[in-house]
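A closer look at the structure
Given next are the chains, with one letter for each unit.
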Amino acid sequence: MTERATPKRRPGRRPGTADTRGAVLAAARKIFAEKGYDKATVRGIAAEAGVDPALVHHYFASKEGVFVAAMQFPVNPAAVLPTILGGPPEQIGERLVRFLLTMISTPEAREPIVALLRTAMVNEQAVDMLREFITEAILTRVAEALCIPPIRMEVAFAQMFGVLMMRYIVKLEPLASADTEELVEILAPTLQRYLSA
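Here the structure is a predicted model, which means the values were calculated and not measured.

**What about the environment of Lys 35?**
- On the secondary structure map, Lys 35 appears in helix H1 (residues 20-39).
- By relative accessible area, Lys 35 is classed as partly exposed at 45%.
- Along the chain, Lys 35 and Gln 125 lie 90 residues apart, while their C-alpha atoms are 8.8 Å from each other.

This is the structure in structure tokens:
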């Protein structure tokens, strides 16, 4: 009787499996919490998950992509910014307001963002991570694309941040129950002024 050779496991990182995506997300949450968005790297996330960095890129395309998935954002800014920036420049304020209000109009889409905002209000580490991500993934890109000073983009973002806080966290009426199109009509001209070069 001959003994069957037991196949030896190859050394190195484990290959992608059904649970690899979940392992990468768990590792990403840990790394982002420990290091913040700016200092976290795809290589560091992969090492924490015990996978090859190529698998992180395979599942999430970039550090931004894994952050969006780990924080459960409803959209990846890299996917939607071209649409927002692609139309007529004189309508950017309207497109931006409509997009933001529509994006989080459902409770499922809103919950992760509201949870992160609440956490950022009381946790310095969370606010650092959120600030780094917003600056790198959204504000800087839009300011450069529109050829405007970064402060204009920051003021526009602050305007919308305040509206979202009052509408969905403080639930100030009648703002909380106002129709999206009514808010677009009110807010778009103000954002347009901030975003016009």
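**Overview of the side chain of Lys 63**
- For Lys 63, the position within the fold is in helix H4 (residues 63-70).
- Despite its burial, Lys 63 pairs with no opposite charge, the nearest such side chain being Glu 136 at 4.6 Å.

**A look at helix H2 (residues 42-49)**
- Listed as buried for H2 are Val 42, Ile 45, Ala 46 and Ala 49. Angularly, the buried residues of H2 cover 100° about the axis, an arc narrow enough to put them on a single face.
- Where H2 is buried, its residues touch H1, helix H3 (53-60) and H4.

**Some words on H1**
- Across its 20 residues, H1 extends only 23 Å between first and last C-alpha, which sits more than 12% below the 28 Å expected from 1.5 Å per residue.
- Of all bends in H1, the biggest is about 80°, found at Ala 33.
- If you check which residues of H1 are buried, you get Thr 20, Val 24, Leu 25, Ala 27, Ala 28, Ile 31, Phe 32, Gly 36 and Tyr 37.
- Each element contacted by the buried residues of H1 is listed here: H2, H3, H4 and helix H8 (124-146).

**Considering the packing of H1 against H8**
- Where H1 contacts H8, the axes come no closer than 8 Å and their chain directions differ by 35°. At the point where H1 passes H8, the crossing takes the left-handed sense. Of the residues in H8, those in contact with Phe 32, Ala 33, Glu 34, Gly 36, Tyr 37 and Asp 38 of H1 are Gln 125, Met 129, Glu 132, Phe 133 and Glu 136.
- By residue class, the composition of the contact of H1 with H8 is five nonpolar, two polar and four charged.

**Here's the deal with the nonpolar core**
- Core analysis: the biggest nonpolar cluster contains 64 residues, and Phe 32, Phe 73 and Leu 195 have the highest contact counts within it.
- Counting residues per element, this core draws most heavily on H8, at 10 residues.
- Residue contacts for Leu 195: discarding those within four places in its chain leaves Ile 92, Leu 96, Leu 146, Ile 148, Arg 152, Met 153 and Ala 156.

What counts and how
Residues numbered from 1 in each chain as written. Predicted model: local features only at pLDDT ≥ 70, side-chain atom pairs only at ≥ 80, totals over all residues. Heavy atoms only, no water. Helix = DSSP H or I, 4+ residues; strand = E, 2+ residues; numbered from the N terminus. Buried < 20%, exposed > 50% of the residue type's maximum accessible area, 1.4 Å probe, protein only. Lys, Arg positive; Asp, Glu negative; His and termini not counted. Salt bridge = Lys/Arg side-chain N within 4 Å of Asp/Glu carboxyl O. Arc of directions from axis to C-beta. Contact = heavy atoms within 4.5 Å. Expected span 1.5 Å × (residues − 1). Bend = angle between axes of the 7 residues up to and from the residue. Axes fitted to C-alpha atoms, helices over the stretch in contact; angles between N-to-C directions. Left-handed = near helix turned anticlockwise from the far one by under 90°. Nonpolar A, V, L, I, M, F, W, Y, C, P; charged D, E, K, R; others polar. Core = buried A, V, L, I, M, F, W, Y, C linked by side-chain atoms within 4.5 Å.

Taken by themselves, the reported measurements are silent on function.
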